[in-house]
Amino acid sequence: TTVVVTNSLALRARLTLKYHSITHLFRHMVARDRRDAASCPNKYCAASKILGVQASSVVVFENEPADIRLAKLAGVPARYIFSLPVNGRGGEAL
């Protein structure tokens, strides 16, 4: 299952996916306004709980160092976290 996990509001995320014509590639979305930050402020932890999956089985594509740390804190193995190449940086497992 392919899921968008974002700090954006759901409407903004849906508009972005629609603009790029990739909405059909994702089955679920875990957006900032669709999760309970009080119970789990980490977006990856929240997504794991909402979807009922173990963080150890999640693959993450992320470029922001702070969000990479959050994925690791949520229990996503470093070997499953990938930084995509953007402007000549990234593109490796972390």
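Conventions adopted
Residues numbered from 1 in each chain as written. Predicted model: local features only at pLDDT ≥ 70, side-chain atom pairs only at ≥ 80, totals over all residues. Heavy atoms only, no water. Axes fitted to C-alpha atoms, helices over the stretch in contact; angles between N-to-C directions. Helix = DSSP H or I, 4+ residues; strand = E, 2+ residues; numbered from the N terminus. Parallel < 35°, antiparallel > 145°, perpendicular 65-115°, else oblique. Contact = heavy atoms within 4.5 Å. Buried < 20%, exposed > 50% of the residue type's maximum accessible area, 1.4 Å probe, protein only. Disulfide = S-S within 2.5 Å. Phe/Tyr/Trp six-rings, centres within 6.5 Å; stacked < 30°, edge-to-face > 60°. Lys NZ or Arg CZ within 6 Å of the ring centre and 35° of its normal. 1 Å grid on protein atoms, 1.4 Å probe; cavity = no way out; pocket = protein on both sides within 12 Å on 5 of 7 lines; lining within 4 Å. Points joined across faces, edges and corners; volume = space filled by probe spheres on them. Nonpolar A, V, L, I, M, F, W, Y, C, P; charged D, E, K, R; others polar. Salt bridge = Lys/Arg side-chain N within 4 Å of Asp/Glu carboxyl O. pLDDT = per-residue confidence, 0-100. Arc of directions from axis to C-beta.

**Q** Mind showing me how you'd approach the packing of helix α2 (residues 43–51) against helix α3 (residues 65–74) here?
**A** A packed helix pair is summarised by two numbers, namely the angle formed by the two axes and the spacing between the axes. In the contact formed by α2 and α3, the axes pass within 7 Å of each other and the chain directions differ by 45°. Considering their axes alone, α2 and α3 lie oblique with respect to each other. Together, Lys43, Tyr44 and Cys45 of α2 and Asp67, Leu70, Ala71 and Ala74 of α3 make up the contact between the two elements.

**Q** Help me understand unusual backbone geometry, please; the structure alone is not making it clear to me.
**A** Outside of glycine, negative phi angles account for most residues, and trans bonds account for most peptide bonds. If you check the backbone angles, serine 21 has positive phi at about 55° while not being a glycine. Overall, the relative accessible area of 54% leaves serine 21 in the exposed class.

**Q** Explain the state of the cysteines to me, please; I cannot follow it from the model alone.
**A** One covalent bond between the sulfur atoms of two cysteine residues makes up a disulfide. With the rule as written, the count across this model stands at one disulfide. The disulfide partner of cysteine 40 is cysteine 45, and the gap between their sulfur atoms is 2.1 Å.

**Q** Even after reading the chapter, I still don't get the packing of aromatic side chains, so can you show me in this structure?
**A** Each pair of aromatic rings is reported with the distance of its centres and the angle of its planes. On inspection of all chains with the given rule, the structure shows one aromatic pair. Sitting over the ring of tyrosine 80, arginine 79 keeps its end group 4.8 Å from the ring centre.

**Q** Is there a simple way to explain the layout of surface pockets in this structure?
**A** Over the atoms, a rolling probe the size of a water molecule traces out where space has been left empty. Counted as a void, the largest pocket has a volume near 880 Å³. Along the wall of the largest pocket there are 26 residues; nearest its centre are Val3, Val4, Val5, Val59 and Phe61. When residues of the lining of the largest pocket are traced back to their parent elements, those giving at least two are β1 (3–5), α1 (10–19), α2 and β3 (60–61). If you tally residues by element for the lining of the largest pocket, the top one is α2, at five residues. A per-class count over the lining of the largest pocket returns 15 nonpolar, nine polar and two charged.

**Q** So what exactly am I meant to see when it comes to the pattern of salt bridges here?
**A** When their charged atoms lie close together, side chains carrying opposite charge are able to pair. In this structure the tally under the stated criterion is three salt bridges. Where arginine 34 meets aspartate 33, a salt bridge forms, and the shortest distance between an N and an O atom there is 3.8 Å. A salt bridge links aspartate 67 to lysine 43; the nearest nitrogen and oxygen atoms lie 3.5 Å apart. Here the residue aspartate 67 occupies a position in helix α3, and lysine 43 occupies one in helix α2, the gap between them amounting to 24 residues. Pair check on accessibility: aspartate 67 and lysine 43 agree, each one buried. The structure contains a network of salt bridges with shared partners spanning Lys43, Glu62 and Asp67.

**Q** Would you mind showing me how to read the confidence of the model for the protein here?
**A** Close inspection of predicted coordinates is inappropriate for parts of the model with low pLDDT. On average, residues of the protein score 87 in pLDDT, and 91% of them are at 70 or above. For the protein, α2 is the element with the lowest average pLDDT, namely 90, and α1 is the one with the highest, namely 95.

**Q** I'm lost on α1 in this one. Help?
**A** Every buried residue of α1 is listed here: Ala10, Ala13 and Leu17. Seen end-on, α1 carries its buried residues on one side only, within an arc spanning 65°. Turned more than 90 degrees off the buried face of α1, the exposed positions are Leu11, Arg12, Lys18 and Tyr19.

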